[in-house]
Amino acid sequence: MEYLRANAKDAALATAETFSDKKQVWVVDQEDGFVKATVLEDKGESFLVSKVTSHEELTVKKEDTQQINPPKFEKLEDMANLTYLNEASVLHNLKQRYYSTMIYTYSGIFCVAINPYARLPIYTKEVINSYKGKRRTEMPPHIYTVADESYQTMIQQRENQSILITGESGAGKTENTKKGSSDRQSFPLFWASGLPDVILFHVLLFVVLQSYHASHIHHSLLSYPIFCINLRS
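To start, this report covers the structure provided alongside it.

Conventions used here
All residue numbers here refer to positions counted from 1 along the written sequence of the relevant chain. Local features in this predicted model are restricted to residues whose pLDDT is 70 or higher, and side-chain atom pairs enter the listing and the counts only when it is 80 or higher, whereas totals over whole chains, interfaces and linings include all residues. Based on all heavy atoms of the structure, the side-chain values leave hydrogens and waters out of the count. A pair of strands is considered paired only if DSSP assigns at least 2 bridges between the two. Numbered from the N terminus, helices here are DSSP runs of H or I no shorter than four residues, and strands are runs of E no shorter than two. Pairs of residues are marked as contacts when any of their non-hydrogen atoms sit within 4.5 Å. Orientation is described by lines fitted to C-alpha atoms, with helices fitted over the stretch in contact, and by angles between N-to-C directions that extend from 0 to 180 degrees. Polar contacts here mean pairs of N or O atoms no more than 3.5 Å apart (in protein, one a potential hydrogen donor and the other a potential acceptor; neighbouring residues in sequence count only if both atoms are side-chain atoms). Given the number of residues in a helix, its expected span is that number minus one, multiplied by 1.5 Å. Partly exposed describes any residue whose relative accessible area lies between the buried limit of under 20% and the exposed limit of over 50%, with all areas from a 1.4 Å probe on protein chains only and scaled to the type maximum.

Overview of the sheet that holds strand S3 (residues 46-51)
The strand order across the open sheet formed by 5 strands is S4-S3-S2-S1-S5, and the pairing between neighbours is antiparallel. With partners counted over all chains shown, the strands left at the sheet margins are strand S4 (57-61) and strand S5 (66-67), one partner each. The pairing of strand S1 (residues 24-29) with S5 spans 2 bridges and is antiparallel. The residue of S5 that forms the bridge with Val25 is Gln67. Sitting on the sheet, helix H2 (residues 87-99) is in contact with S1, strand S2 (33-42) and S5, with an inclination near 130° to S2.

Describing the side chain of Arg136
Within the element layout of this structure, Arg136 appears in the loop between helix H3 (125-131) and helix H4 (143-157). For Arg136, the side chain forms a polar contact with the main-chain oxygen of Gly108, separated by 2.4 Å. Here Arg136 is in contact with Tyr106, Gly108, Ile109, Phe110, Thr145 and Glu149, once residues within four sequence places are set aside.

What about H4?
Spanning 15 residues, H4 covers 21 Å between terminal C-alpha atoms, matching the ideal 21 Å at 1.5 Å per step. Of all the residues in H4, the buried ones are Ile143, Tyr144, Thr145, Val146, Ala147, Asp148, Ser150, Tyr151 and Met154. Where H4 terminates, the next one or two residues include Arg158, which has phi positive at roughly 55°.

The analysis is restricted to geometry; functional conclusions fall outside its scope.
As structure tokens, then:
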């Protein structure tokens, strides 16, 4: 699925790449945060390394380096499955997915979204329908999966559900919601509800849940920038 899942060709190239976790590490970089570096010499408590892109050589303490994951984990959909779960690997995975316009990534029970600052065709009625009733592992990461899981759990277990959405100002909460709810034909229940504009930007999940005919939806603003959706069975 374009914009949501890495294509097979990229996955094959990543798998074929030669790799040794003994020879490569993440090192801190002033401009990029972390960059890959090749270990040239083990000096006991430090490494002599060469940055892969700039070829700059420097000595760094071992405790200041972080391990690199094998290429098969490139653009991983759920970062909880990374062999080495560290800051550099998480940032790298999110960055590579973002560069491929895949703005949603799982991290265990969480769904991370990065503002693409562009219009992506991933909020259409066809996309919504493709996620209905599907298991989390069957589809690429999406906010629709979070919504559907919550709704299905509420229906099956007859228990109230809550979804928390948080992010810094400009992260994309408001803009994504406006884009997702801009088509009145795709989301008639939302527009029929007559909610004021101040509610419109709360979360895209509201639009999604309305499309699943979840009629008992509560909104409560806790404290900026956290939003809460409560589903009552």
